[in-house]
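Residues per chain are reported as follows:
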Amino acid sequence: MALRQIRIQGDEVLEKVCRPVEKISPRIATLIEDMIETMYENDGVGLAAPQVGVLRRIAVIDVGEGPIVLINPTVLETSGSQTGEEGCLSLPGKAGQVTRPNYAKVRAFDEKMQEYENEGEELLARALLHEIDHLDGHMYTELVEGPIHDVTYETEEEE
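I will try to describe carefully the structure that is included in this document.

Here we come to the pairing of strand β7 (residues 115-121). One ladder, built from seven bridges, connects strand β6 (residues 103-109) with β7; its direction is antiparallel. From the neighbouring strand, Lys105 faces β7, where its bridge partner is Glu119. Connecting the antiparallel pair β6 and β7 is a turn made up of five residues, with Met113 showing a positive phi of about 60°.

The next thing to look at is the sheet that holds strand β5 (residues 94-100). Consider a sheet: its strands pair through backbone hydrogen bonds, and that pairing is either parallel or antiparallel. Spatial ordering of the open sheet is given by β4-β5-β8, a layout of three strands whose pairing is antiparallel. Here the strands that pair on one side only, and so sit at the sheet edges, are β4 (82-87) and β8 (145-150). When strand polarity is set aside, the average angle formed by the axes of neighbouring strands in this sheet is 30°. Two strands pair when backbone bridges link them, and β5 and β8 are joined in this way by three bridges, in the antiparallel orientation. Looking across to β8, one finds that Ala95 is bridged to His149.

Moving on to a negative patch on the surface. Taken together, the side chains of Glu77, Glu119, Glu121 and Glu122 make up a negatively charged region of the molecular surface. Position of Glu77 relative to the elements: it lies in strand β3 (residues 68-79). Taking the relative accessible area as the measure of exposure, Glu77 reaches 38% and is therefore partly exposed.

Rules behind the numbers
Residues numbered from 1 in each chain as written. Predicted model: local features only at pLDDT ≥ 70, side-chain atom pairs only at ≥ 80, totals over all residues. Heavy atoms only, no water. Pairing = 2+ DSSP bridges. Helix = DSSP H or I, 4+ residues; strand = E, 2+ residues; numbered from the N terminus. Axes fitted to C-alpha atoms, helices over the stretch in contact; angles between N-to-C directions. Patch = residues over 30% accessible without salt bridge, like charges linked within 9 Å, V, L, I, M, F, W, Y side chains within 5 Å. Areas by Shrake-Rupley, 256 points an atom, 1.4 Å probe, with all protein chains shown as cover. Salt bridge = Lys/Arg side-chain N within 4 Å of Asp/Glu carboxyl O. Lys, Arg positive; Asp, Glu negative; His and termini not counted. Charge placed at Lys NZ, Arg CZ, Asp CG, Glu CD. Buried < 20%, exposed > 50% of the residue type's maximum accessible area, 1.4 Å probe, protein only.

Shown next as C-alpha cells:
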C-alpha cells in the first residue's frame, strides 16, 4: 500500500466524469487499498478516485464504523434535509455550509465486485452523496451556502 497525492480544487481531473469499473484487476485492488490508506492518513471521512487522479467510479468512506468501498455507486433514494459543515480533502483547511438529504440509499459493488446496498442518515448520507458527486465531476463548493471559511483542527498536544 502507498499514499497517493490528493489533487486540489482547480485540478481538471476533479471536473471530469469517471468511467465505470468493469472488473477488479490487481491495479484496481491496489488503488482501493491506497485510497483507504490515503483517506486515513489525511484524517478524511471519504475519498473518491478522481481525488487521487484516477478517473474511475470508486470511492471509500469511513464514518467511524470501518471502511466502506463503493464501486460504480448509484443513488437509489434520498429523503429529508440536513444543513451542516462540509469540507473536502481536495480543499484542505476550508469548509462551508451545505444542505443535503438527511437519508441516502445507494447501490454499489464492493472490492470483490459483489453488488450490495448501503443506506445511512446524517454523516453517512452526507459522505455517500459527497463522494458520489466527485465521481460525476462535482465538488461540494458548488453547493455551499454563504462563504467558504478557514477551519483549524485541534491536535493532541504532547504532555
